[in-house]
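# Residue-level structural notes
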Amino acid sequence: MNDHVAQHQPADLTGLATELLTQAGSATARRASRTLISGAAQRATLTALLKDAELGEHFAPPAASLQVISGEVELSVGERRQPVRTGELVAVPRQRHGLRAITDAAILLTVAVD
């Protein structure tokens, strides 16, 4: 079993987000991620995206939520665009969807694992 940051103790999301935003600056895709919790029932991943970086359209697992730690992102489902800002939490729809950073942003994605 992998030992992840928040498996056994609280994780400093603000500090980790700052670190990942720095890493994203040198990444071709303009983003960086770190899995914080990985277990039999859930996975939590912190992702930093620089302004205009995207997570292309994809399908979500059966249950997922997106929390914005810093910045602002836009969740798109078909023609619908939904801004999500610092401190906000939203359920990720089970339909095909995408994500774009409106500003430099850090998000926490928590998913149920089958």
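Here's what I pulled together on the structure shown here. Worth saying up front: this structure is predicted, and the values here are computed from it rather than measured.

### Side note on the environment of S65
Among the secondary structure elements, S65 is positioned in strand 4 (residues 64–70). Spatially, the C-alpha atom of S65 lies 5.2 Å from that of V92, the residues being 27 residues apart in sequence. Contact partners of S65, with chain neighbours within four places excluded, come to L89, V90, A91, V92, L108, L109 and T110.

### A closer look at the side chain of T47
By secondary structure assignment, the location of T47 is in strand 2 (residues 42–49). Of the polar contacts made by the side chain of T47, one reaches the side chain of S33; its length is 2.8 Å. Here T47 is in contact with A32, S33, A105, A106 and I107, once residues within four sequence places are set aside.

### Brief notes about the layout of surface pockets
Using a probe with the size of a water molecule, rolled over the atoms, empty space left in the structure can be pinpointed. Reported here for the largest pocket is a volume of approximately 300 Å³. L55, H58, H97, I107 and L109 are the residues nearest the centre of the largest pocket, which is lined by 18 residues in total. Elements that contribute at least two residues to the lining of the largest pocket include exactly strand 2, strand 3 (54–58), strand 4, strand 8 (97–101) and strand 9 (105–112). Here the residues of the lining of the largest pocket are counted per class, giving 12 nonpolar, five polar and one charged.

### A short note on the nonpolar core
One finds L49, L66, V73, L99 and I107 to be the most contacted residues of the largest nonpolar core, which totals 16 residues. Taken together, the elements giving at least two residues each to this core come down to strand 4, strand 5 (72–77), strand 8 and strand 9. The next biggest cluster of nonpolar side chains, apart from the first, holds 13 residues, and it includes L16, A44, L46 and A48.

How each quantity is defined
Residues numbered from 1 in each chain as written. Predicted model: local features only at pLDDT ≥ 70, side-chain atom pairs only at ≥ 80, totals over all residues. Heavy atoms only, no water. Helix = DSSP H or I, 4+ residues; strand = E, 2+ residues; numbered from the N terminus. Contact = heavy atoms within 4.5 Å. Polar contact = N/O pair within 3.5 Å; in protein donor to acceptor, adjacent residues only side chain to side chain. 1 Å grid on protein atoms, 1.4 Å probe; cavity = no way out; pocket = protein on both sides within 12 Å on 5 of 7 lines; lining within 4 Å. Points joined across faces, edges and corners; volume = space filled by probe spheres on them. Nonpolar A, V, L, I, M, F, W, Y, C, P; charged D, E, K, R; others polar. Core = buried A, V, L, I, M, F, W, Y, C linked by side-chain atoms within 4.5 Å. Buried < 20%, exposed > 50% of the residue type's maximum accessible area, 1.4 Å probe, protein only.

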